[in-house]
Amino acid sequence: MALAVLFLPEHRKLNKRSKHNTLDWLIDERRKIADIENDCLDYIYMSYRYLHFFELELAAYQSKKLRPSKLADYLLLGFAALLSRDRQEPQKIINRLCNLIKEQINPGAAKFCYAFLKHCLREKETLISKASNKPEIFLGPKLLAEHKELDSSVLAMLCESIPKRGEGISYFNEKAELLHSPAKEFFENADWKQAINPASWQCVAFLFDKIKAAKNFSVLDACAAPGGKSLALASMLKKNNISATIYATDNKAPRLKRLKENYSQSPFPSTQAENVLCFDWNNIKQETWPQNWPESFDLILADLPCSGTGTLNSQPDILLEDIALRVQQLLPIQNNILKNLKAVLKSDGQLYTSICSLHPQENLNIFEQSKSSKLHFKSEDVLEQNNEFIRAWLS
(Lines give C-alpha, C1' and ligand atoms only; values in the text may rest on other atoms or scores of the structure.)
Protein backbone atom coordinates (compact mmCIF):
# COMPACT_ATOMS: atom_id res chain seq x y z
CA MET A 1 0.00 0.00 0.00
CA ALA A 2 2.86 2.38 0.81
CA LEU A 3 4.18 2.04 -2.73
CA ALA A 4 0.73 2.18 -4.37
CA VAL A 5 -0.17 5.61 -2.95
CA LEU A 6 2.87 7.16 -4.63
CA PHE A 7 1.19 6.56 -8.00
CA LEU A 8 -2.14 8.11 -7.01
CA PRO A 9 -3.35 11.60 -8.09
CA GLU A 10 -2.46 13.84 -5.13
CA HIS A 11 1.02 12.35 -4.69
CA ARG A 12 1.64 12.79 -8.42
CA LYS A 13 0.70 16.47 -8.21
CA LEU A 14 3.41 16.98 -5.60
CA ASN A 15 6.10 15.46 -7.83
CA LYS A 16 7.08 17.38 -10.99
CA ARG A 17 8.20 14.25 -12.79
CA SER A 18 5.05 12.32 -11.94
CA LYS A 19 2.81 15.26 -12.71
CA HIS A 20 3.78 15.45 -16.38
CA ASN A 21 3.88 11.74 -17.25
CA THR A 22 1.26 9.04 -17.71
CA LEU A 23 0.60 6.31 -15.19
CA ASP A 24 1.88 3.67 -17.64
CA TRP A 25 5.14 5.57 -18.06
CA LEU A 26 5.63 5.92 -14.29
CA ILE A 27 4.99 2.22 -13.71
CA ASP A 28 7.44 1.27 -16.48
CA GLU A 29 10.07 3.54 -14.95
CA ARG A 30 9.56 1.95 -11.55
CA ARG A 31 9.97 -1.51 -13.06
CA LYS A 32 13.43 -0.52 -14.27
CA ILE A 33 14.42 -0.11 -10.61
CA ALA A 34 12.52 -3.03 -9.07
CA ASP A 35 9.58 -5.29 -9.73
CA ILE A 36 6.11 -4.11 -8.79
CA GLU A 37 4.02 -6.87 -7.28
CA ASN A 38 0.67 -7.60 -8.93
CA ASP A 39 -1.05 -6.86 -5.63
CA CYS A 40 0.35 -3.32 -5.71
CA LEU A 41 -0.72 -2.81 -9.35
CA ASP A 42 -4.22 -3.96 -8.48
CA TYR A 43 -4.40 -1.33 -5.75
CA ILE A 44 -3.24 1.39 -8.16
CA TYR A 45 -5.61 0.58 -11.02
CA MET A 46 -8.58 -0.06 -8.75
CA SER A 47 -8.04 3.26 -7.00
CA TYR A 48 -8.20 5.18 -10.29
CA ARG A 49 -11.30 3.30 -11.35
CA TYR A 50 -13.08 4.30 -8.14
CA LEU A 51 -11.77 7.87 -8.13
CA HIS A 52 -14.90 9.77 -9.20
CA PHE A 53 -17.17 7.60 -7.07
CA PHE A 54 -14.89 8.21 -4.09
CA GLU A 55 -14.88 11.99 -4.61
CA LEU A 56 -18.69 12.07 -4.51
CA GLU A 57 -18.86 10.02 -1.33
CA LEU A 58 -16.11 11.99 0.42
CA ALA A 59 -17.87 15.28 -0.43
CA ALA A 60 -21.10 13.89 1.03
CA TYR A 61 -19.28 12.76 4.19
CA GLN A 62 -17.60 16.10 4.84
CA SER A 63 -17.37 19.43 3.01
CA LYS A 64 -14.00 20.62 4.35
CA LYS A 65 -10.88 20.43 2.23
CA LEU A 66 -8.49 17.69 3.30
CA ARG A 67 -5.21 18.69 4.91
CA PRO A 68 -2.73 17.61 3.74
CA SER A 69 -4.10 16.97 0.27
CA LYS A 70 -2.19 13.69 -0.13
CA LEU A 71 -4.43 12.20 2.59
CA ALA A 72 -7.03 11.82 -0.17
CA ASP A 73 -4.90 9.14 -1.85
CA TYR A 74 -4.91 6.97 1.27
CA LEU A 75 -8.67 7.38 1.65
CA LEU A 76 -9.19 6.59 -2.05
CA LEU A 77 -7.09 3.44 -1.80
CA GLY A 78 -9.06 2.29 1.26
CA PHE A 79 -12.41 3.11 -0.36
CA ALA A 80 -11.54 1.11 -3.50
CA ALA A 81 -10.14 -1.82 -1.52
CA LEU A 82 -13.20 -2.09 0.74
CA LEU A 83 -15.59 -2.15 -2.22
CA SER A 84 -13.60 -4.48 -4.44
CA ARG A 85 -11.60 -6.82 -2.22
CA ASP A 86 -14.04 -9.43 -0.92
CA ARG A 87 -11.33 -11.92 0.00
CA GLN A 88 -9.55 -9.56 2.40
CA GLU A 89 -10.81 -8.88 5.88
CA PRO A 90 -12.11 -5.25 5.84
CA GLN A 91 -10.81 -4.40 9.30
CA LYS A 92 -7.30 -5.46 8.33
CA ILE A 93 -7.44 -3.13 5.31
CA ILE A 94 -8.53 -0.24 7.53
CA ASN A 95 -5.94 -0.92 10.24
CA ARG A 96 -3.14 -1.26 7.71
CA LEU A 97 -3.97 2.08 6.09
CA CYS A 98 -4.41 3.90 9.38
CA ASN A 99 -1.02 2.69 10.64
CA LEU A 100 0.52 3.86 7.38
CA ILE A 101 -1.07 7.32 7.71
CA LYS A 102 -0.03 7.61 11.35
CA GLU A 103 3.54 6.90 10.28
CA GLN A 104 3.66 9.06 7.13
CA ILE A 105 1.32 11.96 8.05
CA ASN A 106 0.05 12.22 11.64
CA PRO A 107 -2.25 10.52 14.20
CA GLY A 108 -5.07 13.02 13.56
CA ALA A 109 -5.19 12.13 9.86
CA ALA A 110 -5.19 8.43 10.80
CA LYS A 111 -8.16 9.01 13.09
CA PHE A 112 -10.13 10.70 10.28
CA CYS A 113 -9.24 7.87 7.91
CA TYR A 114 -10.51 5.30 10.41
CA ALA A 115 -13.84 7.12 10.81
CA PHE A 116 -14.37 7.57 7.05
CA LEU A 117 -13.52 3.99 6.12
CA LYS A 118 -15.66 2.55 8.94
CA HIS A 119 -18.51 4.67 7.56
CA CYS A 120 -17.89 3.24 4.08
CA LEU A 121 -17.80 -0.28 5.49
CA ARG A 122 -21.18 0.22 7.17
CA GLU A 123 -22.60 1.56 3.90
CA LYS A 124 -20.86 -1.01 1.70
CA GLU A 125 -24.00 -2.73 0.41
CA THR A 126 -25.63 0.62 -0.38
CA LEU A 127 -22.52 1.83 -2.20
CA ILE A 128 -22.25 -1.37 -4.24
CA SER A 129 -25.94 -1.10 -5.15
CA LYS A 130 -25.45 2.53 -6.18
CA ALA A 131 -22.55 1.61 -8.44
CA SER A 132 -24.51 -1.26 -9.96
CA ASN A 133 -27.61 0.82 -10.69
CA LYS A 134 -25.69 3.84 -11.97
CA PRO A 135 -22.37 2.68 -13.46
CA GLU A 136 -21.74 6.06 -15.12
CA ILE A 137 -20.78 7.26 -11.66
CA PHE A 138 -17.30 5.88 -12.39
CA LEU A 139 -16.82 8.10 -15.45
CA GLY A 140 -17.38 11.41 -13.74
CA PRO A 141 -19.64 14.19 -15.05
CA LYS A 142 -17.14 15.71 -17.50
CA LEU A 143 -16.28 12.55 -19.43
CA LEU A 144 -19.91 11.44 -19.35
CA ALA A 145 -20.96 14.71 -21.00
CA GLU A 146 -18.34 14.28 -23.73
CA HIS A 147 -19.66 10.79 -24.52
CA LYS A 148 -23.36 11.61 -24.51
CA GLU A 149 -23.64 10.83 -28.24
CA LEU A 150 -22.56 7.21 -27.76
CA ASP A 151 -25.02 4.41 -28.31
CA SER A 152 -26.48 3.62 -24.87
CA SER A 153 -25.38 -0.04 -24.96
CA VAL A 154 -21.78 0.96 -25.77
CA LEU A 155 -21.80 3.59 -23.02
CA ALA A 156 -23.07 1.01 -20.56
CA MET A 157 -20.21 -1.33 -21.45
CA LEU A 158 -17.70 1.49 -21.09
CA CYS A 159 -19.04 2.43 -17.66
CA GLU A 160 -19.32 -1.10 -16.36
CA SER A 161 -15.82 -2.07 -17.47
CA ILE A 162 -14.07 0.42 -15.22
CA PRO A 163 -14.55 -1.06 -11.73
CA LYS A 164 -14.19 -4.71 -12.73
CA ARG A 165 -11.19 -6.98 -12.70
CA GLY A 166 -11.23 -9.31 -15.68
CA GLU A 167 -11.35 -12.99 -14.73
CA GLY A 168 -10.38 -14.08 -18.24
CA ILE A 169 -9.73 -12.92 -21.78
CA SER A 170 -12.26 -12.40 -24.54
CA TYR A 171 -10.64 -12.63 -27.96
CA PHE A 172 -11.27 -13.30 -31.63
CA ASN A 173 -9.77 -16.40 -33.23
CA GLU A 174 -8.55 -16.73 -36.81
CA LYS A 175 -12.16 -17.25 -37.98
CA ALA A 176 -13.24 -14.00 -36.28
CA GLU A 177 -15.26 -16.01 -33.74
CA LEU A 178 -15.56 -14.35 -30.33
CA LEU A 179 -14.24 -16.72 -27.65
CA HIS A 180 -13.52 -16.47 -23.93
CA SER A 181 -11.02 -18.37 -21.83
CA PRO A 182 -9.12 -18.02 -18.54
CA ALA A 183 -6.04 -15.83 -18.97
CA LYS A 184 -3.67 -18.66 -18.00
CA GLU A 185 -5.19 -21.01 -20.58
CA PHE A 186 -5.05 -18.32 -23.29
CA PHE A 187 -1.35 -17.64 -22.89
CA GLU A 188 -0.47 -21.33 -22.49
CA ASN A 189 -2.10 -22.04 -25.84
CA ALA A 190 -0.77 -18.96 -27.64
CA ASP A 191 1.93 -19.49 -30.27
CA TRP A 192 4.10 -16.86 -28.72
CA LYS A 193 3.87 -16.79 -24.93
CA GLN A 194 5.92 -13.65 -24.38
CA ALA A 195 3.58 -10.69 -24.81
CA ILE A 196 0.95 -10.79 -27.55
CA ASN A 197 -1.63 -8.29 -26.38
CA PRO A 198 -5.12 -9.91 -26.44
CA ALA A 199 -6.59 -6.70 -27.87
CA SER A 200 -4.03 -6.75 -30.69
CA TRP A 201 -4.84 -10.39 -31.36
CA GLN A 202 -8.51 -9.46 -31.61
CA CYS A 203 -7.86 -6.67 -34.14
CA VAL A 204 -5.69 -8.76 -36.45
CA ALA A 205 -7.85 -11.91 -36.25
CA PHE A 206 -10.90 -9.82 -37.08
CA LEU A 207 -9.38 -8.57 -40.35
CA PHE A 208 -7.17 -11.53 -41.29
CA ASP A 209 -9.59 -13.18 -43.72
CA LYS A 210 -9.94 -9.82 -45.51
CA ILE A 211 -6.22 -9.54 -46.21
CA LYS A 212 -5.21 -10.18 -49.82
CA ALA A 213 -1.88 -11.90 -49.34
CA ALA A 214 0.37 -12.32 -52.41
CA LYS A 215 3.88 -13.50 -53.22
CA ASN A 216 6.60 -11.38 -51.55
CA PHE A 217 3.90 -9.84 -49.39
CA SER A 218 5.10 -6.65 -47.66
CA VAL A 219 3.55 -5.29 -44.49
CA LEU A 220 4.11 -1.99 -42.68
CA ASP A 221 3.05 -1.69 -39.05
CA ALA A 222 3.22 2.10 -38.89
CA CYS A 223 2.57 2.74 -35.18
CA ALA A 224 3.91 -0.59 -34.04
CA ALA A 225 5.22 -0.55 -30.47
CA PRO A 226 5.17 -2.75 -28.53
CA GLY A 227 4.50 -5.05 -31.51
CA GLY A 228 1.32 -6.90 -30.56
CA LYS A 229 -0.47 -6.41 -33.89
CA SER A 230 2.40 -7.43 -36.15
CA LEU A 231 3.33 -10.40 -33.93
CA ALA A 232 -0.26 -11.62 -34.01
CA LEU A 233 -0.28 -11.15 -37.79
CA ALA A 234 3.04 -12.98 -38.10
CA SER A 235 1.58 -15.91 -36.18
CA MET A 236 -1.41 -16.13 -38.51
CA LEU A 237 0.74 -15.75 -41.63
CA LYS A 238 2.90 -18.64 -40.44
CA LYS A 239 -0.13 -20.81 -39.70
CA ASN A 240 -1.43 -20.21 -43.21
CA ASN A 241 1.98 -20.74 -44.85
CA ILE A 242 2.09 -17.19 -46.23
CA SER A 243 5.56 -15.77 -46.86
CA ALA A 244 5.82 -12.11 -45.88
CA THR A 245 8.13 -9.45 -44.48
CA ILE A 246 6.84 -7.14 -41.77
CA TYR A 247 8.42 -3.70 -41.35
CA ALA A 248 7.67 -1.76 -38.17
CA THR A 249 8.01 1.89 -37.20
CA ASP A 250 7.38 3.94 -34.09
CA ASN A 251 8.36 7.50 -33.19
CA LYS A 252 9.40 7.06 -29.56
CA ALA A 253 12.79 5.60 -28.64
CA PRO A 254 11.75 3.86 -25.36
CA ARG A 255 8.83 2.14 -27.08
CA LEU A 256 11.08 1.28 -30.02
CA LYS A 257 13.50 -0.51 -27.71
CA ARG A 258 10.70 -2.68 -26.38
CA LEU A 259 9.49 -3.35 -29.95
CA LYS A 260 12.94 -4.55 -31.03
CA GLU A 261 13.20 -6.78 -27.98
CA ASN A 262 9.83 -8.37 -28.75
CA TYR A 263 10.77 -8.90 -32.40
CA SER A 264 14.13 -10.43 -31.51
CA GLN A 265 12.43 -12.94 -29.17
CA SER A 266 9.65 -13.93 -31.58
CA PRO A 267 9.84 -17.25 -33.46
CA PHE A 268 8.28 -15.84 -36.63
CA PRO A 269 10.45 -15.38 -39.76
CA SER A 270 8.41 -12.37 -40.92
CA THR A 271 9.35 -10.27 -37.86
CA GLN A 272 13.04 -9.38 -37.59
CA ALA A 273 14.59 -6.76 -35.30
CA GLU A 274 16.55 -5.22 -38.20
CA ASN A 275 13.24 -4.29 -39.83
CA VAL A 276 12.35 -1.92 -36.98
CA LEU A 277 12.81 1.82 -37.53
CA CYS A 278 12.32 5.00 -35.53
CA PHE A 279 10.10 7.06 -37.81
CA ASP A 280 7.55 9.83 -37.24
CA TRP A 281 4.73 9.59 -39.79
CA ASN A 282 3.40 12.93 -38.61
CA ASN A 283 6.61 14.71 -39.56
CA ILE A 284 8.20 12.80 -42.45
CA LYS A 285 10.24 15.77 -43.75
CA GLN A 286 12.69 15.25 -40.89
CA GLU A 287 12.96 11.49 -41.45
CA THR A 288 15.23 9.38 -43.66
CA TRP A 289 13.80 6.34 -45.44
CA PRO A 290 16.14 3.28 -45.46
CA GLN A 291 17.38 2.34 -48.92
CA ASN A 292 16.79 -1.36 -48.31
CA TRP A 293 13.13 -0.86 -47.40
CA PRO A 294 10.28 -1.09 -49.96
CA GLU A 295 8.99 2.16 -51.42
CA SER A 296 5.41 0.92 -51.06
CA PHE A 297 3.52 -1.81 -49.19
CA ASP A 298 0.79 -4.37 -49.84
CA LEU A 299 -0.68 -3.93 -46.36
CA ILE A 300 -0.39 -1.11 -43.84
CA LEU A 301 -1.58 -1.29 -40.24
CA ALA A 302 -2.05 2.09 -38.56
CA ASP A 303 -2.98 2.04 -34.89
CA LEU A 304 -3.31 5.81 -34.69
CA PRO A 305 -2.55 7.90 -31.59
CA CYS A 306 -5.83 8.71 -29.88
CA SER A 307 -7.46 9.72 -26.60
CA GLY A 308 -7.56 6.09 -25.46
CA THR A 309 -11.04 6.25 -23.93
CA GLY A 310 -11.61 2.66 -25.02
CA THR A 311 -8.80 1.48 -22.72
CA LEU A 312 -10.02 2.84 -19.40
CA ASN A 313 -9.80 -0.64 -17.96
CA SER A 314 -6.01 -0.64 -18.31
CA GLN A 315 -5.36 3.14 -18.30
CA PRO A 316 -7.83 4.54 -15.77
CA ASP A 317 -5.80 7.73 -15.24
CA ILE A 318 -7.20 8.93 -18.59
CA LEU A 319 -10.21 9.94 -16.49
CA LEU A 320 -8.08 12.75 -15.04
CA GLU A 321 -7.30 14.35 -18.40
CA ASP A 322 -9.13 16.96 -20.45
CA ILE A 323 -10.43 14.51 -23.06
CA ALA A 324 -12.00 17.19 -25.28
CA LEU A 325 -8.70 19.10 -25.48
CA ARG A 326 -6.74 15.92 -26.11
CA VAL A 327 -9.05 14.95 -28.99
CA GLN A 328 -8.68 18.37 -30.63
CA GLN A 329 -4.89 18.10 -30.42
CA LEU A 330 -4.86 14.60 -31.89
CA LEU A 331 -7.23 15.05 -34.85
CA PRO A 332 -4.72 16.86 -37.12
CA ILE A 333 -2.02 14.34 -36.19
CA GLN A 334 -4.28 11.42 -37.13
CA ASN A 335 -5.14 13.11 -40.43
CA ASN A 336 -1.52 13.81 -41.31
CA ILE A 337 -0.38 10.27 -40.52
CA LEU A 338 -3.07 8.80 -42.79
CA LYS A 339 -2.16 11.18 -45.60
CA ASN A 340 1.51 10.22 -45.41
CA LEU A 341 0.76 6.50 -45.23
CA LYS A 342 -1.35 6.73 -48.38
CA ALA A 343 1.79 7.82 -50.22
CA VAL A 344 3.52 4.49 -49.48
CA LEU A 345 0.51 2.24 -50.11
CA LYS A 346 0.46 0.23 -53.34
CA SER A 347 -2.34 1.08 -55.77
CA ASP A 348 -4.06 -2.23 -54.96
CA GLY A 349 -2.87 -2.28 -51.34
CA GLN A 350 -4.90 -2.27 -48.15
CA LEU A 351 -4.71 0.20 -45.28
CA TYR A 352 -6.30 -0.76 -41.96
CA THR A 353 -6.64 1.88 -39.27
CA SER A 354 -7.63 1.48 -35.65
CA ILE A 355 -8.04 3.68 -32.61
CA CYS A 356 -8.71 2.55 -29.05
CA SER A 357 -11.23 5.33 -28.48
CA LEU A 358 -15.00 5.49 -28.06
CA HIS A 359 -15.06 9.25 -28.57
CA PRO A 360 -17.54 9.99 -31.43
CA GLN A 361 -15.48 12.84 -32.87
CA GLU A 362 -12.35 10.73 -33.22
CA ASN A 363 -14.15 7.85 -34.90
CA LEU A 364 -16.03 10.09 -37.32
CA ASN A 365 -12.85 12.01 -38.14
CA ILE A 366 -11.26 8.92 -39.72
CA PHE A 367 -14.05 8.75 -42.30
CA GLU A 368 -14.23 12.50 -42.84
CA GLN A 369 -10.49 12.60 -43.48
CA SER A 370 -10.79 9.78 -46.00
CA LYS A 371 -12.91 12.04 -48.22
CA SER A 372 -10.47 14.95 -48.16
CA SER A 373 -7.42 12.76 -48.87
CA LYS A 374 -9.24 10.55 -51.40
CA LEU A 375 -8.60 7.46 -49.30
CA HIS A 376 -11.31 4.92 -49.94
CA PHE A 377 -12.23 3.63 -46.53
CA LYS A 378 -14.73 0.87 -45.95
CA SER A 379 -16.16 0.33 -42.49
CA GLU A 380 -16.31 -3.31 -41.44
CA ASP A 381 -18.49 -2.41 -38.46
CA VAL A 382 -22.17 -2.76 -37.84
CA LEU A 383 -23.52 -1.78 -34.44
CA GLU A 384 -23.89 -5.33 -33.14
CA GLN A 385 -20.37 -6.30 -34.21
CA ASN A 386 -18.93 -3.06 -32.85
CA ASN A 387 -20.58 -3.49 -29.47
CA GLU A 388 -19.35 -7.06 -29.27
CA PHE A 389 -15.84 -6.03 -30.21
CA ILE A 390 -15.79 -3.22 -27.65
CA ARG A 391 -17.02 -5.62 -25.00
CA ALA A 392 -14.12 -7.96 -25.81
CA TRP A 393 -11.66 -5.06 -25.86
CA LEU A 394 -12.76 -3.80 -22.46
CA SER A 395 -13.17 -7.10 -20.63
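Quick note: structure is the one above.
Nothing here was measured: the structure is a model prediction, and the numbers come from that model. (Residues numbered from 1 in each chain as written. Predicted model: local features only at pLDDT ≥ 70, side-chain atom pairs only at ≥ 80, totals over all residues. Heavy atoms only, no water.)

Some points on unusual backbone geometry
- Cis peptide bonds are those with omega within 30 degrees of zero, and the linkage from Arg67 to Pro68 qualifies with -10°.
- You can see Pro68 is positioned in the loop between helix H5 (51-61) and helix H6 (71-84).
- Between Ala225 and the following residue, Pro226, the backbone shows a cis peptide bond with an omega angle of 5°. (Helix = DSSP H or I, 4+ residues; strand = E, 2+ residues; numbered from the N terminus.)

Things to note about the sheet that holds strand E6 (residues 297-303)
- An order of E5-E4-E3-E6-E7 is seen for the five strands of this open sheet, with the pairing classed as parallel. Strands at the two margins of the open sheet, each flanked by one partner only, are strand E5 (271-278) and strand E7 (345-354). Here the strands of the sheet are splayed against their neighbours by 20° on average, with no regard to which way each runs.
- Strand contacts of helix H14 (residues 228-239): strand E3 (217-221), strand E4 (244-250), E5 and E6, with the helix running at about 175° to E4, the strand carrying the most contacts.
- Helix H16 (residues 323-342) rests against E3, E6 and E7 of the sheet, and its axis sits at about 155° to E7. (Pairing = 2+ DSSP bridges. Axes fitted to C-alpha atoms, helices over the stretch in contact; angles between N-to-C directions. Contact = heavy atoms within 4.5 Å.)

Quick look at the pairing of E4
- Burial runs high along E4: six of the seven residues are buried.
- With five bridges joining them, E3 and E4 adopt parallel strand pairing. Bridged to Asp221 within E4 is Ala248.
- Following the chain from E3 across H14 to the adjacent parallel E4, one finds a crossover that is right-handed.
- Pairing geometry for E4 and E5, over four bridges, is parallel. The residue bridging Asp250 from the neighbouring strand is Cys278, located in E5.
- Handedness of the crossover joining E4 and E5 through helix H15 (residues 253-265) is recorded here as right-handed. (Buried < 20%, exposed > 50% of the residue type's maximum accessible area, 1.4 Å probe, protein only. Right-handed = clockwise from strand over helix to strand, strands pointing away.)

A look at the state of the cysteines
- A complete count under the given rule lists zero disulfides for this structure.
- With no disulfide partner, Cys120 has as its closest neighbouring cysteine sulfur the one in Cys113, 9.4 Å distant. (Disulfide = S-S within 2.5 Å.)

Purely geometric numbers; function is a separate question.
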